[in-house]
Amino acid sequence: MFDKLHEECGLFGIYSRERKNLAADCYYALYALQHRGQESCGIAVNDRGVIHCYKDVGLVNEVFTKEKLAGLGEGRIAVGHVRYGTAGVNPQQNAQPMVVHHMKGTTALAHNGVITNAQQLRDEMEAQGAIFHTTSDAEVISQIIAAERLHCNSVEEAAVRAMDRLDGAYSLVIMSPSKLIAVRDPRGFRPLCIGEMENGCVVFASESCALDSVGATLVRDVEPGEVVVMDKNGMRSLRDKCGTCPKSHCIFEYIYFARPDSTIDGSSVHMARQRAGAFLALEHPVQADVVIGVPDSGLDAAMGYARQSGIPYGLGFIKNKYIGRTFIQPTQSDRENLVRIKLNPVSATVKGKRVVLIDDSIVRGTTCARIIKLLRDAGATEVHMRSSAPEFRFPCYFGTDIPSPENLIANKHTTEEIAKIIGVDSLGFLSCENVIKLCENTQGFCTACFDGKYPCQPPKDCGTNKHETLLPEEEE
């Protein structure tokens, strides 16, 4: 159980016309994408058609020492991946990129999202004699592409054919012996963009912040349903699946998952969060002395709330950035004290003040209740909480760890009841009407976790299968 949401993965791929140390570029890009997954990471480098891969459990700077990076050698193509997985699986076994050797060659694949019919596809292939070594959707996708490759002339054509069999959310970066390919599902749930470096290298990444880390310039986003191929002949696009489905970009990329310095599908994440705060100020005004945000994703929204309301913005918390997911909490009392280690209130900002507290969301309510207690202990006279997301009432099946409805506090309690449970003087959520107005470029968004209107059919097993579950370990 947990009280914060987690993105599933971050992707990066790079194509160079010359042999060079591409592992270093992948390392810097994955470091920039670390927020998208802290469980495991991996890099695969293609040198003259031979793919060398190293992956393991841990953060990027823990897994890749100078020796490990040097051991990957030089090459012309490379892909990298950071992963946040679900509980009940072997994190080392499911680390990516997924390298597959088949009759037509070798591919390395990195995946972000959830294939909602993965269990059905796995069962079908197992019935035909296929053997799986992981519980990851990436292996299902890899096997389908390998099978399709036997009946067509190229890897990209096999990827297009595979899209006919895959349901749900997926952004992919695929490396063959001679090509780098980017694939985005027809609804565009998860982000994927294209960049170019001054030396001519072409890169694909989950977020534009990864492009910045390697000195690349954002060219454009991969369109929903598009397959982009980079090889010795340059870059080309296959758009067979474009426009076949309404766009359903995950709105929570803008609210929480993405880094604020990223631009996704033409919209600044930072500006989207500031708009969320401004909408909150209009929807839920209150008399207060200071506006503060919960680090990190609540800070931009707090700035927007302060600007719109005229209430001064203040630094409310100092966050300890040196605590990773490997921090052990052996007892209940240690778990309860962990929030004090991660966040410490600035008493000079909140003591004797009526405080507006902005956070990105409320899932179970456990962590925010502890944060509110910290403010009370630091001397805040009133605490008015505002969430830059609407109430979470429904599970997500497309790559976000929003658990079953019974674990969502807003599914069982009214806003007034939640306010009493977490200990605030007032509570307000961003409306579903305004959450879809956060972006500069109005597009189709998936808001199913708020309103239950799923853009495609949820899995028949309600998101859990015999191999893994969607409920992660508790992290406060």
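Right above here is the structure, for reference.
The shown structure was predicted, so the numbers you read here are calculated from the model rather than taken from an experiment.

Another point: unusual backbone geometry. Q96 connects to P97 through a cis peptide bond whose omega is 10 degrees. On the secondary structure map, P97 appears in the loop between β4 (75-83) and β5 (98-102). In this chain, P295 is followed by D296 through a cis amide linkage whose omega measures 0 degrees. Along the chain, D296 turns up in the loop between β17 (290-293) and α10 (298-309). Phi angles above zero are rare outside glycine, and R48 is one such case at about 55 degrees. If you trace the backbone, R48 turns up in the loop between β2 (40-47) and β3 (50-57). Here D265, not a glycine, exhibits a phi torsion of approximately 50 degrees, which is positive. Along the chain, D265 turns up in the loop between β15 (263-264) and β16 (267-268). A relative accessible area of 10% places D265 in the buried class.

This part covers the sheet that holds β4. On the basis of which strands lie adjacent, the open sheet formed by seven strands has the order β3-β2-β4-β1-β10-β9-β11 and antiparallel pairing. Only two strands of the sheet have a single partner each, and these edge strands are β3 and β11 (216-221). Within this sheet the neighbouring strands show an average axis-to-axis angle of 15 degrees, counted without direction. Relative to β3, β2 runs antiparallel, the two being bridged by eight bridges. Its bridge partner lying in β3, A44 is registered against C53.

This model, assessed by the stated rule, comprises zero disulfides. For C242, which is in no disulfide, the shortest distance to another cysteine sulfur is to C245 and amounts to 11 Å. For the unlinked cysteine C439, the closest cysteine sulfur is that of C250, found at 11 Å.

Turning our attention to empty space enclosed by the protein. Scanning the model with the defined rule gives three cavities of 30 Å³ or more in all. Its volume calculated, the largest cavity comes out at about 120 Å³. Along its surface, the largest cavity is lined by 15 residues, and C250, C396, T400, C446 and C449 are the ones closest to its centre. Of the residues assigned to the lining of the largest cavity, the class counts are 13 nonpolar, one polar and one charged.

Reading the values: rules and limits
- Along each chain, residue indices are assigned from 1 in the same order as the chain's sequence is written.
- Selection of residues for local features in this predicted model requires a pLDDT of at least 70, selection of side-chain atom pairs for listing and counting requires 80 or more, and totals for whole chains, interfaces and linings are taken over all residues.
- Just so you know, side-chain values use all the structure's heavy atoms and leave hydrogens and water out.
- We count a stretch as a helix when DSSP gives it H or I for four or more residues in a row; a strand needs E for two or more, and each element gets its number in order from the N terminus.
- When accessible area is computed with a 1.4 Å probe and restricted to protein chains, residues below 20% of their type maximum are described as buried, those above 50% as exposed, and intermediate ones as partly exposed.
- At least two bridges found by DSSP between two strands is the condition for calling them paired.
- Simply put, an axis is a line fit to the C-alpha atoms, just over the touching stretch for a helix, and the angle between two N-to-C directions goes from 0 to 180 degrees.
- When the sulfur atoms of two cysteines come within 2.5 Å, that pair is taken as a disulfide.
- With a 1 Å grid laid over protein atoms only, a set of points is called a cavity when a 1.4 Å probe fits there but cannot get out and a pocket when it is open yet has protein on both sides within 12 Å along at least five of seven lines; lining residues have an atom within 4 Å of a point.
- Grid points are joined across faces, edges and corners, and a volume is the space filled by probe spheres set on the points.
- Here the term charged refers only to Asp, Glu, Lys and Arg, the term nonpolar to Ala, Val, Leu, Ile, Met, Phe, Trp, Tyr, Cys and Pro, and the term polar to all other amino acids, Gly among them.

Bear in mind that shape data such as this cannot, by itself, settle questions of function.
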